[in-house]
Each structure stands twice: as structure tokens, then as C-alpha cells.
Amino acid sequence: KTVGEAVAGLSDVKTLIPVLEALGGRHAKYGVQAEHFGIVGQALLWTLEQGLGELWTAEVADAWSKTYATVQKVMEPALIKASKQVTVASLRGKGPMELVQTTWSLVVEDLDTHGVKLFLRIFEIAPQALQLFSFKDEVPLEQSAGMRKHAAGVMKTVGEAVA
């Protein structure tokens, strides 16, 4: 149904975008995750290739690939936004341990970025703490390979502790 709506809406992209955003948001309720879009895209293109046979030319493949990429580009952010809202709603009534584990599962999606943010915040609060680390002279600090490695290790340890 989603692909059909996308194809039907190609002639009016301004109308199609809100439809796809709404579809992306609804898919969060079904447990769809961002990485599923690539899988569906591969399966869709394969299915079309099988169904079209010799009509599946390079031009047709390119047109379908671009169309699906557009669908994914619009739906995926809406799905991610809605997933976070669904998760926030699901936190109500959970005990402390379950709250920590559930919220950690959201952070773990981008552990490296959060680890860097953690250390940058530490050094913002207590600048003298930077002197304790071997990467203290690496600049810019937010791009420091040493800090990134250390931050990733700390975040991994936190994850193991709360698992």
C-alpha cells in the first residue's frame, strides 16, 4: 500500500510528502526500525526485477531506486521521531531498573557521539580534569582519536553495567 501511494503521488510531490511522513510515523507503532528500510528496498527492487523480466532495464532500475530512496528519505526521519515518542510514552509505570535499561537502549544507538558529548561536558564543568588524560593536547578535542577511543570504552562499560 505504501509503495502504491508513493507511486500514485509522484505527480504531486508536495501532497505526497505529508502522506509519507504520516506513514513513517505509523510504522513506528508496528515496531519497524530504520534499518528495515534498506531491507524492504532491496526486496522491492528484486521483486520488481523478477516481475518485469526483460522490461527491467538499467533506466527502470534507476528510476525505481531513486523513487524508493525518496520514500525512505521522507519516511525514515518520521519513523525515528515517532519511535522516540512511542518509547517516551512506554516509560510510564516502569521501575528504576527498567527505566535505565530502556533509556540506555536509545543512547546505545549512537554510543560514540554520546561518549564524546559526555567527555566534552566533563571538561566544560571541570576543565582541569582534561589534564588527567593522555589526549589532553589533541586538538580539536571533539575530533581527538584518543578521546573518542576512551569515551567509547567508558560508554561500553556503562552499557555493560546497566544491561
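Residues numbered from 1 in each chain as written. Predicted model: local features only at pLDDT ≥ 70, side-chain atom pairs only at ≥ 80, totals over all residues. Heavy atoms only, no water.

Looking now at the packing of aromatic side chains. Evaluated as defined, the whole model comprises five aromatic pairs. Relative to phenylalanine 135, the ring of phenylalanine 133 lies with its centre 5.1 Å away and its plane at 25°, an arrangement referred to as stacked. Judged by relative accessible area, phenylalanine 133 falls into the buried class, the value being 18%. Its relative accessible area of 2% is what places phenylalanine 135 among the buried residues. These aromatic residues form a ring-pair network of at least three members: Phe119, Phe123, Phe133 and Phe135. (Phe/Tyr/Trp six-rings, centres within 6.5 Å; stacked < 30°, edge-to-face > 60°. Buried < 20%, exposed > 50% of the residue type's maximum accessible area, 1.4 Å probe, protein only.)

With that settled, the discussion passes to the pattern of salt bridges. Evaluated as defined, the whole model comprises two salt bridges. For aspartate 62, the salt bridge is made with lysine 66, and the minimal N-O distance between the two is 3.1 Å. You can see aspartate 62 and its partner lysine 66 sitting in helix H4 (residues 58-90), four residues apart, about one turn around the helix. The salt bridge partner of glutamate 124 is arginine 121, with a shortest N-O separation of 2.5 Å. Remark: arginine 121 and glutamate 124 occur in helix H6 (residues 111-125); sequence separation between them is three residues, near one turn of the helix. (Salt bridge = Lys/Arg side-chain N within 4 Å of Asp/Glu carboxyl O. Helix = DSSP H or I, 4+ residues; strand = E, 2+ residues; numbered from the N terminus.)

One number sums up the size of the largest pocket: a volume of about 320 Å³. Forming the boundary of the largest pocket are 14 residues, of which Val32, Gln33, Ala34, Ser83 and Glu109 lie nearest the centre. Broken down by element, the lining of the largest pocket gets its largest block of residues, six residues, from H4. Counted by class, the lining of the largest pocket contains seven nonpolar, four polar and three charged residues. (1 Å grid on protein atoms, 1.4 Å probe; cavity = no way out; pocket = protein on both sides within 12 Å on 5 of 7 lines; lining within 4 Å. Points joined across faces, edges and corners; volume = space filled by probe spheres on them. Nonpolar A, V, L, I, M, F, W, Y, C, P; charged D, E, K, R; others polar.)

Residue proline 140 is reached from valine 139 by a cis peptide bond, and omega for that bond is -10°. Take proline 140: it is sitting in the loop between H6 and helix H7 (145-162).

The tendency in soluble globular proteins is for nonpolar side chains to be buried side by side. Among the nonpolar cores identified, the biggest contains 15 residues, and Leu20, Phe37 and Met75 are the most heavily contacted of them. Listed by contribution, the elements that provide at least two residues to this core are helix H2 (13-28), helix H3 (36-52) and H4. At seven residues, the largest contribution of residues to this core is made by H4. By size, the runner-up hydrophobic cluster in this structure holds eleven residues, among which are Phe119, Leu130, Phe133 and Leu141. (Core = buried A, V, L, I, M, F, W, Y, C linked by side-chain atoms within 4.5 Å.)

To continue, consider H6. Because an α-helix packs 3.6 residues into every turn, residues spaced three or four apart end up facing the same way. For H6, which comprises 15 residues, the first-to-last C-alpha distance of 21 Å matches the rise-based estimate of 21 Å (1.5 Å per residue) to within 8%. Inspection of H6 places Leu111, Gly115, Val116, Phe119 and Phe123 among the buried residues, and these make up the whole buried set. In a view along the axis of H6, the buried residues occupy a sector of 135°, so they form one face of it. Turned more than 90 degrees away from the buried face of H6 sit Lys117, Glu124 and Ile125, all of them exposed. (Expected span 1.5 Å × (residues − 1). Arc of directions from axis to C-beta.)

Taking 1.5 Å per residue, 17 residues should reach 24 Å; H3 reaches 24 Å between its end C-alpha atoms and fits that length. Among the residues making up H3, those that are buried are Phe37, Gly41, Leu44 and Leu48. The buried side chains of H3 occupy one side of the element, clustering within an arc of 65° when seen end-on. With respect to the buried face of H3, the exposed residues turned more than 90 degrees away are Ile39, Gln42 and Trp46.

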